[in-house]
Amino acid sequence: MLTACLEVLGLALCVTGSLLAMVACGLPMWRVSAFIDSNILVAQTLWEGLWMSCVVQSTGQMQCKVHDSMLALEQDHQTARALTVISAVLAIVALAVTVAGAQCTNCIRDETIKARVVHAGGVIYIISGLFVLVPLCWVAHRIILDFNNPNIPSSKKREIGAAIYVGWAAAALLLLGGTLLCCSFSRTVRGANSMKYTPTKTIAVNGEFNKNLYV
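Residues numbered from 1 in each chain as written. Predicted model: local features only at pLDDT ≥ 70, side-chain atom pairs only at ≥ 80, totals over all residues. Heavy atoms only, no water.

- As recorded in an unreviewed UniProt entry, the protein chain goes by the name Claudin, listed as coming from Neolamprologus brichardi.
- Regarding the protein chain, the relevant UniProt record gives this comment under Sequence similarities (unreviewed entry): "Belongs to the claudin family."
- We quote the UniProt Function (unreviewed entry) comment for the protein chain here in full: "Claudins function as major constituents of the tight junction complexes that regulate the permeability of epithelia." (UniProt positions renumbered as here; feature names shortened; annotations may be inferred.)

## Some details on the overall build of the protein chain
Consideration 1: Regarding its fold elements, the protein chain presents five helices and five strands.
Consideration 2: Counting helices and strands in the order they occur from the N terminus, the protein chain gives α-β-β-β-β-α-α-β-α-α.
Consideration 3: By the burial criterion, 35% of the 215 residues in the protein chain qualify as buried.
Consideration 4: Restricting the contact set of the protein chain to residue pairs at least 6 apart, pairs at least 24 apart contribute 65%.
Consideration 5: Total accessible area on the protein chain stands at roughly 12800 Å², and carbon and sulfur atoms take up 67% of it. (Helix = DSSP H or I, 4+ residues; strand = E, 2+ residues; numbered from the N terminus. Buried < 20%, exposed > 50% of the residue type's maximum accessible area, 1.4 Å probe, protein only. Contact = heavy atoms within 4.5 Å. Areas by Shrake-Rupley, 256 points an atom, 1.4 Å probe, with all protein chains shown as cover.)

## Structural notes on the state of the cysteines
Consideration 1: Going through the model one piece at a time under the given rule, you end up with one disulfide.
Consideration 2: Cys54 shares a disulfide with Cys64; S-S distance 2.0 Å. On the S-S bond that ties Cys54 to Cys64, the torsion sits near 105 degrees, and the link is right-handed. Taken together, the residues Cys54 in strand β3 (residues 52-57) and Cys64 in strand β4 (residues 62-66) connect sequence positions 10 residues apart.
Consideration 3: Overall, Cys54 belongs to the buried group, its relative accessible area being 1%.
Consideration 4: Given a relative accessible area of 42%, Cys64 falls into the partly exposed group.
Consideration 5: For the unlinked cysteine Cys14, the closest cysteine sulfur is that of Cys182, found at 8.9 Å. (Disulfide = S-S within 2.5 Å.)

## Looking at the UniProt feature "transmembrane region" (unreviewed entry) in the protein chain
Consideration 1: In the numbering adopted here, UniProt assigns the feature "transmembrane region" (unreviewed entry) to residues 80-102, 123-144 and 164-186.
Consideration 2: When the span residues 80-102 is considered, its composition is 96% helix and 0% strand, and the gap between its end C-alpha atoms is 32 Å.
Consideration 3: Spanning residues 123-144, this segment combines 100% helix with 0% strand, and its end C-alpha atoms are found 32 Å apart.

## Here's the deal with the side chain of Arg158
Consideration 1: By the secondary structure assignment, Arg158 is in strand β5 (residues 158-160).
Consideration 2: Judged by relative accessible area, which is 12%, Arg158 ranks as buried.
Consideration 3: Here the side chain of Arg158 touches Glu48 through a polar contact of 3.2 Å, side chain to side chain.
Consideration 4: Beyond its immediate chain neighbours, meaning those up to four positions away, Arg158 contacts Arg31, Val32, Ser33, Ala34, Leu46, Glu48, Ile143 and Phe147. (Polar contact = N/O pair within 3.5 Å; in protein donor to acceptor, adjacent residues only side chain to side chain.)

## Focus on the pattern of salt bridges
Consideration 1: Scanning the model with the defined rule gives five salt bridges in all.
Consideration 2: Salt-bridge contacts for Arg31 lead to Glu74; the nearest nitrogen and oxygen are separated by 3.3 Å. Of this pair, Arg31 sits in strand β1 (residues 31-33) while Glu74 sits in the loop between β4 and α2 (75-101), placing them 43 residues apart in sequence.
Consideration 3: Judged by relative accessible area, which is 6%, Arg31 ranks as buried.
Consideration 4: Since its relative accessible area comes to 37%, Glu74 is described here as partly exposed.
Consideration 5: Here Lys65 and Asp68 are joined by a salt bridge, their closest N and O atoms 3.5 Å apart. In this structure, Lys65 and Asp68 share a single accessibility class: exposed.
Consideration 6: Here the salt bridges do not stand alone but share partners, grouping Arg31, Glu74, Asp76 and Arg142 into one network. (Salt bridge = Lys/Arg side-chain N within 4 Å of Asp/Glu carboxyl O.)

## Some remarks on the nonpolar core
Consideration 1: With 22 residues, the main nonpolar core has Trp30, Tyr125, Val132, Val139 and Ile164 as its most contacted residues.
Consideration 2: Every element with two or more residues in this core is listed here: α1 (2-26), α2, α3 (111-147) and α4 (162-183).
Consideration 3: Looking at this core, the element that brings in the most residues is α3, giving seven residues.
Consideration 4: When residues no more than four places from it in sequence are discounted, the contact partners of Val139 are Trp30, Arg31, Asp76, Ala80 and Ile164. (Core = buried A, V, L, I, M, F, W, Y, C linked by side-chain atoms within 4.5 Å.)

Here it is as structure tokens:
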């Protein structure tokens, strides 16, 4: 029972983290305009994402444009694109692997193999979380460096957008869920589920114990 609970909880966290990671990948709010100094009152807000850039007017109108060329992007954005896509693919593979070896499915009969398959799914989820976490931290680091750089004008400085925070939450869920799936493979957890039953004593018709149960 404990193994099944860990698998369900870990899988739920991983699926939620995977969906959040995909949302963070598609959101254009990785970098947003920084309102500092004389740039406090502006008529528009700039959003920069991995796939497009958007301009939000003070009237509420928004115009977005897809990036024309991937090679024209900065190196951190190019790397973030590749790693987030790989992370999404790994999450889908991990979902299929984990469901195949879960206690609630009958795709695999052998319990030992099922445990190893779930463990493999947890490892893939952890790798997927790391693939999300690396580009997020890299982009956030670049934003902070540029923000504190006095040589960059205030109009060119950016702040950390909501997509990065969503991505950090997704990475945390993927790492936590993958760890729970790996913990369900441990002997301590699975040993708690195995109960040893002693043979019951049967009484014959004449009221004596059945001697066949004794050596």
